[in-house]
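Residues per chain are reported as follows:
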Amino acid sequence: MGAIQLFQPTEFEYSDDIRLPLLTMVRRFLHWTDLLVILRTKRCRYHCSFCTLPSRSLPNSPSHEILWEQWSSSLKACQDWLPQIDSISLGNEGSVLDRATLDSEIFKKIIESLKDSCRNAKRIALETRPEFVSIDECKFVSQTCQGLNVDLTIGLETIDDHIREKILGKSMTRKSFEEAFSLAGQFDFSSTIYVVVKSNPFHDNNEAFEEAIATVEWVKALANFYKVKLILRLNPLYIPRDSKLAVKLGTAMYKPPSLLLVIDVLEKVYDPTVKWFVGLSTEGLADRELTYKGAYPYSPDAVRALAQFSISQDLSWVTKARNILESVPAREVSSVKSACNGYQEQQ
Ligand code: SF4
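Residues numbered from 1 in each chain as written. Predicted model: local features only at pLDDT ≥ 70, side-chain atom pairs only at ≥ 80, totals over all residues.

Draft legend 1. Highlighting the overall build of the protein chain. The helix and strand tally for the protein chain stands at ten helices and eight strands. Computed over C-alpha atoms, the radius of gyration of the protein chain comes to 20 Å, within 12% of the 20 Å expected from 2.2 N^0.38 for 347 residues, which places it in the range of a compact globule. Restricting to contacts in the protein chain with at least 6 residues of sequence separation, those with at least 24 account for 75%. (Helix = DSSP H or I, 4+ residues; strand = E, 2+ residues; numbered from the N terminus. Rg over C-alpha atoms; globule rule 2.2 N^0.38 Å. Contact = placed C-beta atoms within 7 Å.)

The following block contains the structure:
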């Protein structure tokens with residue numbers, strides 16, 4: 001069982017016991033005290049190049065009894081926190097609305113139990129791909145989660161179809177994303193959208209900056225149009241070990257985006273009508289040098305400042321993080337060439 005930590009760490013402890021969920025954590029998420037539970041279900045059927053999350057899940061569906069045991073153990077582990085919990089994030093390293101991985105019967109049982117156990121819960125965030133967001137599913141979720149504000153958490157990653165399809169291998173169209181978003185509006189769900197900063201590892205900083213801004217602006221316009229309350233999560237790209245993307249990059253001296261690039265993007269697109277979250281977790285999937293922690297400049301104090309920004313939405317924390325990073329002494333970079341020197345982007 002992962003440790004219960006009120007302040008979100010950047011690395012989590014995952015369980016490898018099938019009777020426990022992959023992760024249980026009480027964390028600050030924006031202004032909420034959020035119970036994050038990641039169930040270990042049948043693995044996600046997609047094979048995105050930049051993601052190895054499915055490897056942590058199971059090849060076949062576990063029984064309802066096992067899933068129920070996972071959920072019950074989460075509640076038990078954080079029983080002292082339950083009265084304070086006002087938000088729940090439910091995930092399965094894939095899509096909790098994919099009924100091939102979490103069927104509607106056990107989903108309903110879990111939601112009913114959390115309403116009983118977390119009496120002050122006001123919202124539930126459900127992580128899913130847009131393909132699983134249909135009218136019927138929205139009706140079911142809306143009825144099952146009655147009394148809770150529902151958030152659909154979706155990884156768009158980038159507005160750029162070429163990058164999303166050919167580099168990230170996401171197999172997800174903009175059309176399916178927009179359809180899910182419009183349903184979120186119709187059902188009065190909020191939506192948390194993941195945007196990757198430097199979604200194309202072959203980009204330089206300027207290209208990555210422009211691309212992230214274009215993505216965020218498009219999502220903001222869509223949220224305005226469909227009247228969806230928006231949380232934008234900016235995730236600096238990391239390259240998971242043994243991922244298809246890692247293979248594609250080969251032994252290139254990949255230059256991960258630094259937190260300064262994330263700050264540049266955030267300062268450019270910030271809008272107080274949107275909630276912002278800087279994704280600082282690398283989910284235990286990548287070696288440090290292929291994450292923002294391996295970029296220059298890096299400072300754990302800047303990480304803490306950005307985490308405080310995500311909780312408070314107070315931009316002065318972003319300024320603080322910038323100041324910290326800008327005062328990190330220059331390091332020897334002679335061996336670090338440009339992101340992909342000598343490597344051509346493969347189409
Ligand atoms: S990014 Fe999402 S959809 Fe793609 S493999 Fe990972 S969990 Fe599955």
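Draft legend 2. Region of the structure containing the nonpolar core. In terms of nonpolar packing, the biggest core is built from 101 residues, with Leu 126, Val 197, Leu 232, Leu 259, Val 262, Leu 306 and Ala 321 touching the most fellow members. Element by element, the count of residues in this core is highest for helix 8 (residues 259-269), at eight residues. In contact with Leu 259, not counting residues within four places along its chain, are Pro 236, Tyr 292, Tyr 298, Ala 302, Leu 306, Ala 321 and Leu 325. (Core = buried A, V, L, I, M, F, W, Y, C linked by C-beta atoms within 7 Å. Buried ≥ 20, exposed ≤ 12 C-beta atoms within 10 Å, placed from the backbone.)

Draft legend 3. Local environment of the confidence of the model for the protein chain. Confidence in the prediction of the protein chain, expressed as mean pLDDT, is 90, and 91% of residues score 70 or more. Long-range and interchain partners of residues 333-347, a stretch whose pLDDT sits below 50, account for 19 contacts in this model, where long-range means more than four residues apart. (pLDDT = per-residue confidence, 0-100.)

Draft legend 4. View of the sheet that holds strand 5 (residues 149-157). Here eight strands make up an open sheet; going across it, the order is 1-2-3-4-5-6-7-8 and the pairing mixed. In the strand order of this sheet, the two ends are held by strand 1 (23-29) and strand 8 (275-278), each with one partner. Across the sheet, the mean angle from the axis of one strand to that of its neighbour is 20 degrees, orientation sign disregarded. Running at roughly 165 degrees to strand 5, helix 5 (residues 174-186) makes contact with strand 5 and strand 6 (190-197) of the sheet. (Pairing = 2+ DSSP bridges. Axes fitted to C-alpha atoms, helices over the stretch in contact; angles between N-to-C directions.)

Draft legend 5. Representation of unusual backbone geometry within the structure. Residue Pro 297 is reached from Tyr 296 by a cis peptide bond, and omega for that bond is -5 degrees. You can see Pro 297 is positioned in the loop between strand 8 and helix 9 (300-312). Even without being glycine, Leu 30 reaches a positive phi, approximately 55 degrees. On the neighbour-count criterion, Leu 30 (15 C-beta atoms within 10 Å) is partly exposed.

Draft legend 6. Focus on the site of the ligand. The environment of the ligand is formed by Cys 44, Tyr 46, Cys 48, Cys 51, Leu 53, Pro 54, Glu 93, Gly 94, Arg 129 and Gly 155. Considering only residue class, the shell around the ligand consists of six nonpolar, two polar and two charged. (Near = placed C-beta within 6 Å. Nonpolar A, V, L, I, M, F, W, Y, C, P; charged D, E, K, R; others polar.)

Draft legend 7. Representation of helix 6 (residues 205-226) within the structure. Relative to the 32 Å expected for 22 residues at 1.5 Å per residue, helix 6 spans 32 Å between its end C-alpha atoms, a close match to the ideal helical length. Buried within helix 6 we find Ala 208, Glu 211, Ala 212, Thr 215, Val 216, Val 219, Leu 222 and Ala 223. Down the axis of helix 6, the smallest arc covering the buried residues is 130 degrees, so these residues share one side. Among the exposed residues of helix 6, those oriented more than 90 degrees off its buried face are Asn 206, Ala 221, Asn 224 and Phe 225. (Expected span 1.5 Å × (residues − 1). Arc of directions from axis to C-beta.)

Draft legend 8. Here's a closer look at the pairing of strand 4 (residues 123-127). By the criterion of burial, strand 4 is predominantly enclosed, with four of the five residues buried. Of the pairings in the sheet, the one linking strand 3 (residues 87-91) to strand 4 comprises four bridges and is parallel in character. Note that in strand 4 the partner of Leu 90 across the bridge is Leu 126. Handedness of the strand 3-helix 2 (residues 104-117)-strand 4 crossover: right-handed. Note that strand 4 and strand 5 share five bridges and pair parallel. Pairing of Leu 126 across the sheet is with Leu 152, part of strand 5. Assessed by its sense of winding, the connection that carries the chain from strand 4 through helix 3 (residues 135-144) to strand 5 is right-handed. (Right-handed = clockwise from strand over helix to strand, strands pointing away.)

Draft legend 9. Examining the environment of Lys 229 more closely. Considering the arrangement of structural elements, one finds Lys 229 in the loop between helix 6 and strand 7 (230-236). Residues Lys 229 and Leu 249, spaced 20 residues apart in sequence, show a C-alpha to C-alpha distance of 37 Å.

Draft legend 10. Spotlight on the environment of Glu 127. Note that Glu 127 resides in strand 4. Here the alpha-carbon distance between Glu 127 and Phe 50, two residues 77 residues apart in the chain, equals 17 Å. Those residues in contact with Glu 127 that sit more than four places away from it in its chain are Gly 91, Ser 95, Val 96 and Thr 153.

Draft legend 11. Looking closely at the packing of helix 9 against helix 10 (residues 316-326). Helix 10 packs onto helix 9 with a crossing angle of 170 degrees between their chain directions and a minimal axis gap of 8 Å. Taken as axis vectors, helix 9 and helix 10 run roughly antiparallel relative to one another. Listed contacts from helix 10 to Asp 301, Ala 302, Ala 305, Leu 306, Gln 308, Phe 309 and Ser 312 of helix 9 are Trp 317, Val 318, Lys 320, Ala 321, Ile 324 and Leu 325. When its residues are assigned to classes, the contact of helix 9 with helix 10 shows nine nonpolar, two polar and two charged. (Parallel < 35°, antiparallel > 145°, perpendicular 65-115°, else oblique.)

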